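Fold and geometry: a report
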Amino acid sequence: MAIRLYNTLTRQKESFQPIDEGKVKMYVCGPTVYNYIHIGNARPAIVFDTVRRYFEYRGYDVHYVLNFTDVDDKLIKAANEMGEGVTEIANRFIQAYKEDVGALGVKEAVDHPRVTENMDEIISFIQGLIDKGFAYASDGDVYFRTRSFDSYGKLSHQSIDELRSGARIEVGDKKEDPLDFTLWKEAKPGEITWESPWGTGRPGWHIECSAMAKKYLGDTIDIHAGGQDLTFPHHENEIAQSEAHNDKSFARYWMHNGYINIENEKMSKSLGNFILAHDLVKQHDPQVIRFFMLSVQYRHPINFSDELLKGAKSSFERLRNAFENVKHRKDSSLDLTENNDKWLQEIESHKQRFVEEMDDDFNTANAISVLFDLAKSANLYLQESQTHSRVLTAYEETMKELMGVLGLEIEKVEELLDEEVEALIEERKQARKDRNFERADQIRDELKERNIILEDTSQGIRWKRG
RNA sequence: GGCGGCAUAGCCAAGUGGUAAGGCAGAGGACUGCAACUCCUCGAUCACCGGUUCGAGUCCGGUUGCCGCCUCCA
């Protein structure tokens, strides 16, 4: 069975066919690093990290590239406001990005190219477009001649004339046509600049991705991904640049994730209604945030609120509990080779269902529902009067494996309790034995205050963090 | 104006022709000294109207409401 994914270009789900057998060349548009990212920026990071993990799970070698836009208007503005250099700010927020997104379980990209480190490639790419007549220099700027690219609009499914009617005509424009977009921008006094054949300046926004995708992945890549709002104009322009320049199809599959809304309104840096991932991971378990993001199909919008996160926490707890229940029971299980095929088969069929759901355009919402079914199955098995370590191990390993595909870490780090707490738990144990329930409850309440929850099971006392 | 998306139980959310997955919250029961965990039981005229079909949440047409892109934006 092949993996099927929704391709924005064709507006339908297609079977994934790699350019090179067993390999995936994937380019994801990364952040402009002038601030901490908000949770809307975190969604593509998480979603496409999950796509990558799933491809890897299915045996593909994924060349995952995520760029950093480290020079543009907003960065220059931020630099002026903070009285710092553009490079310093970019460095700081790239570091912050990696930390925040890392906390959310996102793996490092294979390559993290930066605009400022690929200036030669960008400049020669622009020159190539000029040489072929797709671009022109105009008084220090360079523009892409949009009408010269015949299939312009194929990604956003708009005809060039439809776009024309919506385009803003700038006063005193250096453009031949309002639809033309900037490849190179002449520097204003005091701005960070690079030398080029057209004078000092810096690249426009779209050209970086065309140049860097080519450099790191080649002329044609398998998957190009990003937020839905990048479809037009960013990705449309990338296609125009790359295909005009390389004479080859740019990307076979285009994936776009839906937005995160706050109170049903789009969240964005420019609207000011954003929640920083940097803050959120301190207030909530990052695993729960990731779980929440994946509980909705990636192309659909997610509405965000503390209340919804709280619900996600409860849901996630259920999976964690099942996992801990299984682990806890292993100590008292038998190691007999008895006929437990029924349970082992059940585990296997859950695994298959999980794969089927993920194969269908990375339907994490359904994949998660399979995890709940698996948890249920495990809990039912635990109802058996006698359990077997072989089956318990299978449950444990499978849960860990499938959660891992989603980038979720179900196994909590073994934490040690301090001596005082240990002593209290011991004391409570004795108190219960003595049927001194008043004292036992007192201790349980006390520990709860410290965020340690005790559970008395037939296999002994368990504790967990609240 | 052009392009597109969404509307499923109190909440979240799957489901592209065959009599509505899953989770949270809530109610009752079992287990427990009491809890917690867990198990059992309980919930939907799928926005509205019409059509196609033996059969539609699912296809077609229309209506209403919400949202996004067309300008920097994940």
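This structure is a prediction, so every number in the text was calculated from the model and none was measured.

1. Thoughts on the sheet that holds strand β3 (residues 23-28)
Strand order in this open sheet of four strands is β4-β3-β9-β10, and the pairing throughout is parallel. Taken across any chain shown, the strands that pair with only one partner, and hence form the sheet edges, are β4 (61-66) and β10 (251-257). Between one strand and the next, the sheet's axes are offset by a mean angle of 20 degrees, whatever the strand orientation. As defined by bridge partners, strand β9 (residues 221-227) adjoins β10 across six bridges and the pair is classed as parallel.

2. Details of the domain arrangement of chain A
Size of an interface, as often reported, equals the accessible area lost when the parts are brought together. As assigned here, chain A comprises domain 1 (4-294), domain 2 (308-405) and domain 3 (419-465). For domain 2 versus domain 3, the separation of C-alpha centres amounts to 28 Å. Residue-level contacts link seven residues of domain 2 with six residues of domain 3. Each partner contributes to the roughly 490 Å² buried at the junction of domain 2 and domain 3, and carbon and sulfur atoms together form 40% of this total. Here domain 2 and domain 3 share zero salt bridges between them. At the junction of domain 2 with domain 3, the criterion picks out three residue pairs in polar contact (both at pLDDT 80 or more). Tallied by class, residues from the side of domain 2 that touches domain 3 come to no nonpolar, four polar and three charged.

3. Thoughts on helix α7 (residues 231-246)
Across the 16 residues that make up α7, a large majority, 14, are buried. Note on α7: the residue one or two positions beyond its end, D247, has a positive phi of about 60 degrees.

4. Things to note about the UniProt feature "short sequence motif: 'HIGH' region" (unreviewed entry) in chain A
Look at the UniProt record and you will see "short sequence motif: 'HIGH' region" (unreviewed entry) annotated at residues 31-41. Between the first and last C-alpha atoms of residues 31-41 the distance is 7 Å; the span itself is 27% helix and 0% strand.

5. Let's talk about the protein's contact with RNA strand B
Near RNA strand B you find 58 residues, and of these W205, G227, M267, S315 and N366 are the closest. With respect to RNA strand B, the side chain of N41 contributes an N or O atom lying 2.9 Å from a sugar or linking oxygen. Between RNA strand B and the protein, one listed contact pairs a base nitrogen with a backbone N or O atom of I260 at 2.9 Å. For the surface near RNA strand B, the secondary structure elements donating two or more residues are α1 (39-57), α5 (160-166), β9, α10 (306-330), α12 (364-381), α14 (419-433), α15 (437-449) and β14 (452-457). Looking at which element gives the most residues to the surface near RNA strand B, the answer is α12, with eight residues. In terms of residue class, the surface near RNA strand B is built from 16 nonpolar, 27 polar and 15 charged.

6. Description of the pairing of strand β7 (residues 181-186)
Sheet analysis places strand β6 (residues 141-144) next to β7, joined by three bridges and oriented antiparallel. By the bridge assignment for β7, F144 is matched with F181. Where β7 lies against strand β8 (residues 201-203), three bridges are found, and the strand directions are antiparallel. Its bridge partner being in β8, W184 is matched across the sheet by P203.

7. Concerning helix α2 (residues 73-82)
Within the span of α2, buried status applies to L75, I76, A78 and A79. Buried residues of α2 fall within an arc of 160 degrees about the axis and therefore sit on the same side. Turned more than 90 degrees away from the buried face of α2 sit K77, N80 and E81, all of them exposed. Check the buried side of α2 and you find it contacts α3 (86-103) and β8. Two or three places before K74, at the opening of α2, D72 has a side-chain oxygen 3.1 Å from that residue's backbone nitrogen. Positive backbone phi, at 65 degrees, marks G83, one or two positions downstream of α2.

8. Thoughts on the packing of aromatic side chains
Each aromatic ring pair is described using two quantities: the centre-to-centre distance and the angle formed by the ring planes. Per the counting criterion, the structure on display carries 21 aromatic pairs. Taking 6.2 Å as the distance between ring centres and 35 degrees as the angle between the ring planes, the aromatic pair formed by Y54 and Y57 counts as tilted. Of this pair, Y54 and Y57 both sit in helix α1, three residues apart, roughly one helical turn. A residue is classified by how much of its surface remains accessible, and Y54, at 0% relative accessible area, is buried. An aromatic cluster is present here, built from F16, Y54, F55, Y57, Y60, Y253 and F362 joined pairwise through their rings. In this structure, R299 packs its charged tip against the face of Y6, placed 4.2 Å from the ring centre. One Lys or Arg, K342, reaches over the ring of W343 and ends 4.4 Å from the middle of that ring.

Here is what the cut-offs are and how they apply
- Residues numbered from 1 in each chain as written.
- Chains lettered and ligands numbered in written order.
- Predicted model: local features only at pLDDT ≥ 70, side-chain atom pairs only at ≥ 80, totals over all residues.
- Heavy atoms only, no water.
- Pairing = 2+ DSSP bridges.
- Helix = DSSP H or I, 4+ residues; strand = E, 2+ residues; numbered from the N terminus.
- Axes fitted to C-alpha atoms, helices over the stretch in contact; angles between N-to-C directions.
- Domains from an automatic or database assignment.
- Contact = heavy atoms within 4.5 Å.
- Buried area = accessible area lost by both parts, 1.4 Å probe.
- Salt bridge = Lys/Arg side-chain N within 4 Å of Asp/Glu carboxyl O.
- Polar contact = N/O pair within 3.5 Å; in protein donor to acceptor, adjacent residues only side chain to side chain.
- Nonpolar A, V, L, I, M, F, W, Y, C, P; charged D, E, K, R; others polar.
- Buried < 20%, exposed > 50% of the residue type's maximum accessible area, 1.4 Å probe, protein only.
- UniProt positions renumbered as here; feature names shortened; annotations may be inferred.
- Near = heavy atom within 4 Å.
- Arc of directions from axis to C-beta.
- Phe/Tyr/Trp six-rings, centres within 6.5 Å; stacked < 30°, edge-to-face > 60°.
- Lys NZ or Arg CZ within 6 Å of the ring centre and 35° of its normal.

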